[in-house]
Amino acid sequence: MCKSLLTALSLLFITHLSAQSVSGMVQDSKTGEPMERVLMVILEQKKTVPVATTYTNAKGQFSFENLKFKDQEFTLTTKMVGYTEFQEIYKTSQFPLKINIKLEPTASQLKEVEIEGTRARVTIKDDTVSYDAKAFKTHKDANVEDLVTKMPGITREGGEVKAYGEKVQKVLVDGQEFFGEDANIALKNLPAETVDKVEIFDAMSDRNAFTGFNDAITTKTMKLKTKPGMNKGNFGKGYAGYGTTGRYQLGGNYNYYNGSKRISMLGMANNINNLNFSTSEIVGAMTGSSNMGGAGGANMMRGMSFGMNVSGAGGRRGGFGGPMSNFTVSNRDGINDAYSFGMNYNDKWGKNKNTTVNMSYFGNRTDNSMLGQTNQRNLLDTLNTLTTNQNEGNTDNNFKHRFSSRIDGKLDHKNSYIWTNKLNFGDNNGVYKTEVNNFFELSGGSLKNINQTSTISRSVDFNTNFLYKYAFNRKGRTFSLNSIVDVNSQKGNSLQNINTERGGLTNIFGLDYV
């Protein structure tokens, strides 16, 4: 008897928890089109926890299998953005259920949601400081120099851009060099609107970057990342102006970007003392010896090394000569006529684009002329007065040509190389003349000095650097071979003449002139 009763109760419980199924289709009530990705939810009556959920497929179909309920009723509901909600109560006695649902589009529109936030202007990761260019406002025609000098830690001092007190020596555009190591050219001639991010970091040499050895000798480098979509197209700008007394200026730049191939050209001409795109391009001469007579000088240096740089110097030095820095002049008094032209080329060569090539040329000419006059009157005593008139005139003609190239090639996953070349030519011709007239009113005597100095100089610098790199299978183990050749030549002549004329100078300051 008990056994029969237990059997009956078990059958009743199994029947109550028997598996059930619900299926059907969801359509748009207006178009009749099946609706995909509609959320279907089944809830037990008076409960909020879903028993099962699913989504309609591409044909608008849905299916629930093996459903189990304790209650006699359940709720089927739908969720879809832009449509009214469907909700219906069904009884478990209706299983199996096949339901076709048509949803009504809602007439109400979602309200606009505006999210306000603060853009991260500066982020620091390891030794790299990164700036978001969009967080710094500039005028429409601003260049990159105008942009970066608005960023904290970056300043413009003496015509140079400095980052955290150090001169920015190199600018990379999307990882590629732009006009070699002249940072000023890149900063002054790239439009600010093309830049997305600016990074400042201390770059190691190519060899140290490969081997991982940090000798603490780094170059302050600025890396510019262009905005998406700016790596293809043409852009540039031009300007011209004319003023009184024949003053003028004109110039411009043009950029062609097509993926990895990038060509940039720039030029300028003016007679308003705007010397150049970069003050480091100006090459001048020394003002001559302080002694009367002639002087000549020559200095030659050649070096070759493998893995290190060895150099020696020889030759005789006269009143001219000196280190290469003596050939560099800053903005001089007077009128300066400047003419400049430059080109930069970047591309990736090879079938697999595994060779990166950068070439640049920059040339300029600067003509300087200066006229000056000074009038001075000195009372020597109660009876005698000295009047001094000084006239001076200088003319300088400076020429500079610079070519640089860098080829970064990868032969395979172990072998690679970097080959860099630099060639600089500089010429200078200058004449400097000073005339000083001294007149003594009491005696009527006079003293006249004429000083004229002529200089001619020429400099040639050539450097080629080849770095071969090999990476072993073991991480951190490398081999590199570095070959460097330097040829530096500086030659110059300086001639100075001094003429002195005197008349009627007798018994002045207790001295007798004959």
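Residues numbered from 1 in each chain as written. Predicted model: local features only at pLDDT ≥ 70, side-chain atom pairs only at ≥ 80, totals over all residues. Heavy atoms only, no water.

**Points about the sheet that holds strand β13 (residues 170-173)**
Note: strands within a sheet are paired through backbone hydrogen bonds, in either parallel or antiparallel orientation. Pairing is mixed across the open sheet formed by six strands, whose spatial order is β8-β9-β15-β16-β13-β14. Two strands lie at the open edges of the sheet, namely β8 (122-125) and β14 (176-177), each paired on one side alone. With four bridges joining them, β13 and strand β16 (residues 219-226) adopt parallel strand pairing. Of the residues in β16, the one forming a bridge with Val173 is Leu224. (Pairing = 2+ DSSP bridges. Helix = DSSP H or I, 4+ residues; strand = E, 2+ residues; numbered from the N terminus.)

**With respect to the pattern of salt bridges**
Inspection of the entire model under this criterion finds 16 salt bridges. Among the ionic pairs, Arg458 bridges to Asp427, the shortest N-O distance being 2.6 Å. Taken together, the residues Arg458 in strand β26 (residues 446-471) and Asp427 in strand β25 (residues 415-440) connect sequence positions 31 residues apart. Judged by its relative accessible area of 24%, Asp427 is partly exposed. (Salt bridge = Lys/Arg side-chain N within 4 Å of Asp/Glu carboxyl O. Buried < 20%, exposed > 50% of the residue type's maximum accessible area, 1.4 Å probe, protein only.)

**Points about the side chain of Ser264**
In this fold, Ser264 is placed in strand β19 (residues 261-270). Since its relative accessible area comes to 3%, Ser264 is described here as buried. At 2.7 Å, the side chain of Ser264 forms a polar contact with the side chain of Asn255. (Polar contact = N/O pair within 3.5 Å; in protein donor to acceptor, adjacent residues only side chain to side chain.)

**Structural notes on the confidence of the model for the protein chain**
Across the protein chain, pLDDT averages 77, with 77% of residues at or above 70. Across residues 1-18 the pLDDT falls below 50, and counting only partners more than four positions away or on other chains, this stretch makes eight contacts in the model. Throughout residues 506-514 the model reports pLDDT below 50, and contacts reaching past four residues in sequence, or to other chains, amount to 11 contacts. (pLDDT = per-residue confidence, 0-100. Contact = heavy atoms within 4.5 Å.)

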